[in-house]
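Chain by chain, the residues:
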Amino acid sequence: YLSNGEMCNWTGDVHTVLSPICIRTATGLERKVIGTYPLCGPEEAMASLDAAVAAYNNGRGEWPTMSVADRISCVEQFTRQIIAKKDEVVKLLMWEIGKSHGDSVKEFDRTVEYIYATIDALKDIDRHSSTFTIEQGIVAQIRRSPLGVVLCMGPFNYPLNETFTTLIPALIMGNTILFKPPKHGTLLHYPLLEAFRTCFPKGVVNTIYGRGNQIIPDLMKSGQINVLTLIGSSKVANELKKLHPKVNRLRAILGLDAKNAAIITQHADVKLAIQETLLGSLSFNGQRCTALKIIFVHKSLADEFLKGLAEAVAGLKFGMPWVDGVSLTPLPEPQKPAYLKECIDDAVAHGAKVINENGGETVASFVYPAIVYPVNKDMKLYEEEQFGPVIPVVPFEDLEETIEYLIESTHGQQVSIFSNDDDEIASLIDPLVNQVSRVNINCQCQRGPDVFPFTGRKDSAEGTLSVVDALRSFSIRSLVATKLNDKNKQ
Ligand code: G3H
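Because the structure is predicted, anything quoted here is derived from the model rather than measured.

*Asks:* What is the right way to look at the packing of aromatic side chains in this model?
*Replies:* Taken as a whole, this structure holds 16 aromatic pairs when the rule is applied. Their ring planes at 15 degrees and their centres at 5.3 Å tell us that Phe318 and Tyr368 sit as a pair that is stacked. One end of the pair, Phe318, is in the loop between helix 11 (302–314) and helix 12 (336–349); the other, Tyr368, is in the loop between strand 16 (366–367) and strand 17 (370–373), with 50 residues separating them in the sequence. Using a relative accessible area of 28% as the deciding quantity, one classes Phe318 as partly exposed. An aromatic cluster is present here, built from Trp63, Phe78, Phe164, Phe179, Phe196 and Phe200 joined pairwise through their rings. The ring of Tyr158 carries Lys99 above its face, with NZ or CZ at 3.8 Å from the centroid. The ring of Phe284 carries Lys99 above its face, with NZ or CZ at 4.8 Å from the centroid.

This is the structure:
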């Protein structure tokens with residue numbers, strides 16, 4: 001692991017990484033061992049934190065005081081180096097989290113594009129910083145300054161992209177970084193460590209690996225973390241924040257649980273709704289925070305919608321991540337198939353049915369998508385975030401029922417409306433945009449394009465990300481103000 005500018009050798013316990021891709025053994029199908037990573041203990045984690053604190057040096061370190069142009073040039077050099085590692089990282093994305101080859105390439109390319117867009121956005125902000133404002137005899141130079149040490153934790157479903165969409169903006173704004181990759185998605189960062197080591201001053205970027213619940217609490221309790229950025233669970237984020245001794249001094253930039261709904265009104269184009277809900281619910285096996293996780297369909301269209309959706313699911317290709325055109329791949333979390341079965345069984349026990357052939361069937365780490373209907377509020381699938389290939393469908397009569405659902409939900413990320421009636425859409429936008437942070441019309445929910453603000457209400461997020469918003473999130477607006485007097489007026 002990388003700590004204080006050095007690749008540290010490891011002699012302690014290791015975590016054995018099991019791929020979601022299984023091999024046949026004498027006892028049946030088993031997840032293949034693809035590597036190990038160090039299980040850093042509290043001391044190693046604390047030493048990495050100390051390195052980040054020392055590199056920041058209360059804002060007097062080399063990195064936070066470096067010119068923006070020089071920081072940009074370090075990040076450009078880093079980007080050139082990681083581009084050379086693309087094939088290795090793509091391969092590890094497939095083996096470590098089961099992402100299809102096409103989606104793994106997209107994740108890598110999107111990350112590189114994001115870094116370049118971030119550089120352009122910062123150049124723009126910097127141009128504005130070199131202008132001066134004069135008000136009431138005071139001349140001010142307004143700039144953006146770093147916040148300190150950032151603890152950065154990305155999710156398993158976008159282990160590269162969603163780690164870098166927080167890490168890179170935090171870094172380029174002059175903060176120092178302590179970064180813990182997700183449990184599933186650690187190995188793929190290995191090829192990039194040398195670029196971190198050689199492109200940035202010592203201690204500016206440090207990694208820690210291991211069991212979050214054993215190493216992160218002490219880091220939070222130390223009070224030395226200035227920014228917590230986590231894309232993951234709302235529960236974990238809340239627990240971690242509470243450990244900070246001066247929580248009012250901690251900035252949190254969080255992307256959390258979501259239960260995005262699609263609302264298919266009686267005026268919807270059903271074909272379009274099927275196409276978009278299929279992609280929205282099942283891209284990367286439904287393992288996206290932006291996935292559609294509950295579908296409300298008007299009773300008058302329910303039969304047509306369910307039949308079409310079941311046919312569309314049957315047309316999806318199952319297979320290993322490297323197979324051409326594959327969309328359904330093995331799931332990285334070993335406990336996920338059992339959890340999804342529990343959700344489906346619970347719905348069935350409360351009166352729903354799996355309406356598509358083979359829905360919910362599990363073979364090793366594969367789970368065949370299940371369309372569950374009719375779902376109601378007595379079932380887990382109504383409010384819990386399943387984060388997997390299960391599509392709960394709820395019939396409704398009155399649109400008010402769907403608005404009530406969103407008002408009562410603890411989640412507030414996005415919603416999709418499907419309707420061809422402009423007046424109906426217009427009547428829904430205000431009530432919905434006041435419940436969630438993004439309303440999609442006749443299309444699925446998603447994060448991109450990356451220049452769009454990405455956030456959520458209620459328990460779904462804290463702070464805002466996007467190319468420009470992230471630069472703001474990881475910095476503070478500061479100014480240098482000079483009172484004009486006779487001498488400096490000249
Ligand atoms: O998992 C959460 C991601 O933010 C989803 O991003 O909509 O681009 O797939 P995406």
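*Asks:* Teacher, can you tell me more about the sheet that holds strand 6 (residues 138–145) here?
*Replies:* Here three strands make up an open sheet; going across it, the order is 5-6-22 and the pairing antiparallel. Edge strands, defined here as strands with exactly one partner in the open sheet, are strand 5 (132–135) and strand 22 (476–483). Within this sheet the neighbouring strands show an average axis-to-axis angle of 35 degrees, counted without direction. Sheet topology places strand 5 next to strand 6; four bridges connect them, and they run antiparallel. Residue pairing in the sheet places Phe132 in a bridge with Gln141 of strand 6.

*Asks:* How do you make sense of the UniProt feature "domain: Aldehyde dehydrogenase" (unreviewed entry) in the chain when you look at a structure like this?
*Replies:* According to UniProt, the "domain: Aldehyde dehydrogenase" (unreviewed entry) feature falls on residues 30–474. The span residues 30–474 carries 43% helix and 19% strand; its end-to-end C-alpha distance comes to 42 Å.

*Asks:* Help me understand the environment of Tyr37 in this model?
*Replies:* Mapping Tyr37 onto the fold places it in strand 4 (residues 28–38). In this structure, the C-alpha to C-alpha distance between Tyr37 and Val14, residues 23 residues apart in sequence, is 5.4 Å. Setting aside chain neighbours within four positions, we find Tyr37 in contact with Val14, His15, Val17, Lys183, Thr186, Leu187, Tyr190, Tyr209 and Gly210. One polar contact links the side chain of Tyr37 to the main-chain carbonyl oxygen of Lys183, over a distance of 3.2 Å.

What counts as what
- Residues numbered from 1 in each chain as written.
- Predicted model: local features only at pLDDT ≥ 70, side-chain atom pairs only at ≥ 80, totals over all residues.
- Heavy atoms only, no water.
- Phe/Tyr/Trp six-rings, centres within 6.5 Å; stacked < 30°, edge-to-face > 60°.
- Helix = DSSP H or I, 4+ residues; strand = E, 2+ residues; numbered from the N terminus.
- Buried < 20%, exposed > 50% of the residue type's maximum accessible area, 1.4 Å probe, protein only.
- Lys NZ or Arg CZ within 6 Å of the ring centre and 35° of its normal.
- Pairing = 2+ DSSP bridges.
- Axes fitted to C-alpha atoms, helices over the stretch in contact; angles between N-to-C directions.
- UniProt positions renumbered as here; feature names shortened; annotations may be inferred.
- Contact = heavy atoms within 4.5 Å.
- Polar contact = N/O pair within 3.5 Å; in protein donor to acceptor, adjacent residues only side chain to side chain.

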